[in-house]
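Fold and contact review
Single-letter residue listing:
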Amino acid sequence: MVIDFNTLYNFPSRLDRVFEEFLRSPMGDDRRLAYPPLNLSNDEANIYVRAEVPGMAIDDVELTLTDKTLVLKGERAAPEGKYFRQERPKGVFHRVVNIGVPVDRDKVSASLKDGVLTVTLPKSEEIKPRTISIQAQ
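Attention in this report is confined to the structure presented alongside it.

Let us look at the sheet that holds strand S1 (residues 38-42). Adjacent strands of a sheet form backbone hydrogen bonds with each other and so pair up, either parallel or antiparallel. Read across the open sheet, the four strands follow the order S1-S2-S7-S6; overall the sheet is antiparallel. If you trace the sheet from one side to the other, it starts and ends with S1 and strand S6 (109-113), each paired once. Within the sheet, the average angular offset between the axes of one strand and its neighbour, ignoring direction, is 15 degrees. The pairing of S1 with strand S2 (residues 46-52) spans five bridges and is classified as antiparallel. Its bridge partner lying in S2, Asn42 is registered against Ile47.

Structure, rendered in structure tokens:
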């Protein structure tokens, strides 16, 4: 009679996998803790950062632009009171967005409407495509 103990040696890793599957986001990514949720898009002229910050005032959000990053910082306060359930996040947040292209810093704008913060980052003129005319000789 041969007893195989190899299946017992893998028990801790199998248990770890069960917990990882249980804690995994249903959306299939591990970014569920990133706040505020945001979308990045661009066109030929601009890069757009749209972040969801419902219920926050303009004074509660701070934007900082460096050479390669846009930093969103702020604090979301919860109204005073006794809660039976609290799902909306509260507290300090800090989100760093990497920007891969040079930006015209003097023309950057930001607006807050319906709980969505929109930051428009105009691309620098040096990276925009240019049409070159060809002369016949």
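There's plenty left to go through after this.
Let us now look at the packing of aromatic side chains. As enumerated under the stated definition, the model contains one aromatic pair in all. Ring geometry for Tyr35 versus Phe93: centroids 5.4 Å apart, planes at 75 degrees, classification edge-to-face. One end of the pair, Tyr35, is in the loop between helix H2 (11-23) and S1; the other, Phe93, is in strand S5 (residues 91-98), with 58 residues separating them in the sequence. Using a relative accessible area of 18% as the deciding quantity, one classes Tyr35 as buried. Residue Phe93 is classed as buried on the basis of its relative accessible area, which comes to 6%.

Criteria and thresholds
- Residues numbered from 1 in each chain as written.
- Predicted model: local features only at pLDDT ≥ 70, side-chain atom pairs only at ≥ 80, totals over all residues.
- Heavy atoms only, no water.
- Pairing = 2+ DSSP bridges.
- Helix = DSSP H or I, 4+ residues; strand = E, 2+ residues; numbered from the N terminus.
- Axes fitted to C-alpha atoms, helices over the stretch in contact; angles between N-to-C directions.
- Phe/Tyr/Trp six-rings, centres within 6.5 Å; stacked < 30°, edge-to-face > 60°.
- Buried < 20%, exposed > 50% of the residue type's maximum accessible area, 1.4 Å probe, protein only.

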